[in-house]
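Summary of the model geometry
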Amino acid sequence: MTRPVRARVALDALRSNLELARRTAPHSRILAVVKANAYGHGLVPVAQALEAADAFGVAGVEEALFLRQAGIKKPIVLLEGFFHGAELDEVIRHRLSLVLHAAHQLEALAAAAPAAPLRVWVKLDTGMHRLGFAPGELPSVLQRLQALEGVELAGLMTHFACADDRADPATRRQLERFDALAGGLEGEHSLANSAALLGWPQTHAGWVRPGLMLYGISPFVDSLAVDHGLRPAMTLETELIAIRDCAAGDAVGYGGAWVCPEAMPVGVAAIGYGDGYPRHAPAGTPVLVDGRPAQLVGRVSMDMITLDLRGLPEARVGSRVSLWGEGLPVEHIARAAGTIPYELVCAVTARVPLVYE
Ligand SMILES: *Cc1c(COP(=O)(O)O)cnc(C)c1O
């Protein structure tokens, strides 16, 4: 390893978060969502660590095939189904389950006439207006599916738009709409993402679909992972590669955007937006230097950031710098940078080695 930047991933934290999901929704099966390279944590190692899940959810056939090639035999659900009918061969060969959300997919399914049984979840739009059939379309969709040989209905699902805000009445409205449509129909039901799993027990049903919480991150705007008993899985770290003695009035970094108010040490750490650290993180964003709090100053560069080391006389070249994870909630960094933790962990780039512990 040359550049000292790395993302350490604690596999026991992943397992412990899955167990917490299990305890919180004890009567539901768990579809562990591992799309987007397991939210940046590494698809295959994460799925292997989460082997106690009942199924895995991904966003596309490529991700599903990585799992199958790694020997994962559990059900895998394509959360957006297929994009082009040509994918159906692979879907059938690798026994992937589909989410069916639109009429064009039904037509492609009918044309493919799958020989092997194909399990299909039907997605209902109960108010998010992203993917899913409108409530009025459900009877005809089910009828058309039943007429297709080789196609099995796994169940009905929907997705919440506002479950991350526990005071928002939209979730209750979506739940009521779902119950009105799905009640009395055969098959499983699945509604809950992490926020609904943790905050809306009445949504658990047969299958829950946690993603973010498995990685030890709170899905709510107003809480931290630790408030829910979750353990952060990823710690993003690097080292100090220089310490500069700056004078009062010295401008630091691109654009000279930050000016030293007094003579002070400025640390340079080897991480930047080329690694996925958010370029919009402002001065004052917290970091840890050898476990002690320090702050970002100046603009984030591609490969480096600069740090205010006042109050840290023991900091040295080689001191460990943590950007988020253990001791520094990624939720805080997301808030400082004007984004959500989902985006931060997903954005860690391919040049950052994932180190499993
Ligand atoms: C990504 C996704 C999830 C997981 O959401 P989290 O908020 O990460 O728990 C669940 N269901 C569907 C359909 C998704 O696309």
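For the protein, the name recorded in an unreviewed UniProt entry is Alanine racemase, with Thiohalobacter thiocyanaticus as its organism. Under Pathway (unreviewed entry), UniProt gives the following word-for-word description of the protein: "Amino-acid biosynthesis; D-alanine biosynthesis; D-alanine from L-alanine: step 1/1." Annotation of the protein in UniProt includes, under Function (unreviewed entry), the sentence "Catalyzes the interconversion of L-alanine and D-alanine. May also act on other amino acids."

For the rest of this paragraph, the subject is helix α7 (residues 138-146). For α7, the set of buried residues is Leu 138, Val 141, Leu 142 and Leu 145. Taken around the axis of α7, the buried residues stretch over an arc of 95 degrees, which confines them to a single face. Exposed residues pointing more than 90 degrees away from the buried face of α7 are listed as Pro 139 and Gln 143. The inward-facing, buried residues of α7 contact β5 (96-100), α6 (103-112), β6 (118-123), β7 (151-157) and α8 (170-182).

Right, let's get into the UniProt feature "binding site: substrate" (unreviewed entry) in the protein. The feature "binding site: substrate" (unreviewed entry), as annotated in UniProt, sits at Arg 130 and Met 302 in this numbering. With a sequence span of 173 residues, these residues are also far apart in the fold, their greatest C-alpha distance being 34.1 Å. Lining the second largest cavity, out of the annotated residues just given, are Arg 130. Within the secondary structure layout, Arg 130 lies in the loop between β6 and α7. Using a relative accessible area of 54% as the deciding quantity, one classes Arg 130 as exposed. Filtering out sequence-adjacent residues up to four positions away, Met 302 remains in contact with Gly 272, Tyr 273, Gly 274, Asp 275 and Arg 351.

Now for the pattern of salt bridges. Inspection of the entire model under this criterion finds 17 salt bridges. Measuring nitrogen to oxygen at the nearest pair gives 2.8 Å for the salt bridge that ties Asp 275 to Arg 3. One end of the pair, Asp 275, is in the loop between β13 (264-269) and β14 (286-289); the other, Arg 3, is in the segment before β1 (6-9), with 272 residues separating them in the sequence. Look at Asp 275 and you get buried, because its relative accessible area is 0%. With a shortest N-O distance of 2.6 Å, Arg 310 and Glu 262 are connected by a salt bridge. On the criterion of sequence distance, the pair formed by Arg 310 in the loop between β16 (305-308) and β17 (320-324) and Glu 262 in the loop between β12 (258-259) and β13 is long-range, its members being 48 residues apart.

Conventions and cut-offs
Residues numbered from 1 in each chain as written. Predicted model: local features only at pLDDT ≥ 70, side-chain atom pairs only at ≥ 80, totals over all residues. Heavy atoms only, no water. UniProt positions renumbered as here; feature names shortened; annotations may be inferred. Buried < 20%, exposed > 50% of the residue type's maximum accessible area, 1.4 Å probe, protein only. Helix = DSSP H or I, 4+ residues; strand = E, 2+ residues; numbered from the N terminus. Arc of directions from axis to C-beta. Contact = heavy atoms within 4.5 Å. 1 Å grid on protein atoms, 1.4 Å probe; cavity = no way out; pocket = protein on both sides within 12 Å on 5 of 7 lines; lining within 4 Å. Salt bridge = Lys/Arg side-chain N within 4 Å of Asp/Glu carboxyl O.

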